[in-house]
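Understanding the architecture of this molecule
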Amino acid sequence: MKKLVLSMILGSAFMVSCGPKSVAVTGPKYTSSEQLAQGKTVFENSCNRCHKLPDPAKHDDQGWIKTLSRMAPKAKLSDDQHQMVYDYLISVNKK
């Protein structure tokens, strides 16, 4: 019985630690100039902590989805911040 309980606890801990840290961005959500400005601020303040800011033109929409899904947890971005950064980056690419 103890082994069963222990294996269930360890299995749950493994699933939590390997699970997604942020909701996947699938496309644009925030489009107002205020929200895009917030995305720019989060991008500049969060991403710049660890590395030089990448050029928004470095990736297309799908490339930013992949890159941000990997980097947003490292930057400890909330789901909304993750989305706002993505929306900012693709809005800059469309200009």
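This text goes with the structure placed above it.
Residues numbered from 1 in each chain as written. Predicted model: local features only at pLDDT ≥ 70, side-chain atom pairs only at ≥ 80, totals over all residues. Heavy atoms only, no water.

Let us now look at the pattern of salt bridges. Considering all chains together, one arrives at 1 salt bridge under this definition. Glu 44 is the partner of Lys 40 in a salt bridge, and the nearest nitrogen-oxygen pair spans 3.9 Å. Taken together, the residues Lys 40 and Glu 44, both in helix H2 (residues 33-47) and 4 residues apart, mark about one turn of the helix. (Salt bridge = Lys/Arg side-chain N within 4 Å of Asp/Glu carboxyl O. Helix = DSSP H or I, 4+ residues; strand = E, 2+ residues; numbered from the N terminus.)

Here helix H3 (residues 61-71) crosses helix H4 (residues 79-93) at 150°, and the two axes come no closer than 10 Å. With respect to H4, the element H3 is oriented roughly antiparallel. When the axes of H3 and H4 are compared, the crossing they make is right-handed. Two secondary-structure elements touch here, H3 through Asp 61, Trp 64, Ile 65, Leu 68 and Ser 69 and H4 through His 82, Val 85, Tyr 86, Leu 89, Ile 90 and Asn 93. (Axes fitted to C-alpha atoms, helices over the stretch in contact; angles between N-to-C directions. Parallel < 35°, antiparallel > 145°, perpendicular 65-115°, else oblique. Left-handed = near helix turned anticlockwise from the far one by under 90°. Contact = heavy atoms within 4.5 Å.)

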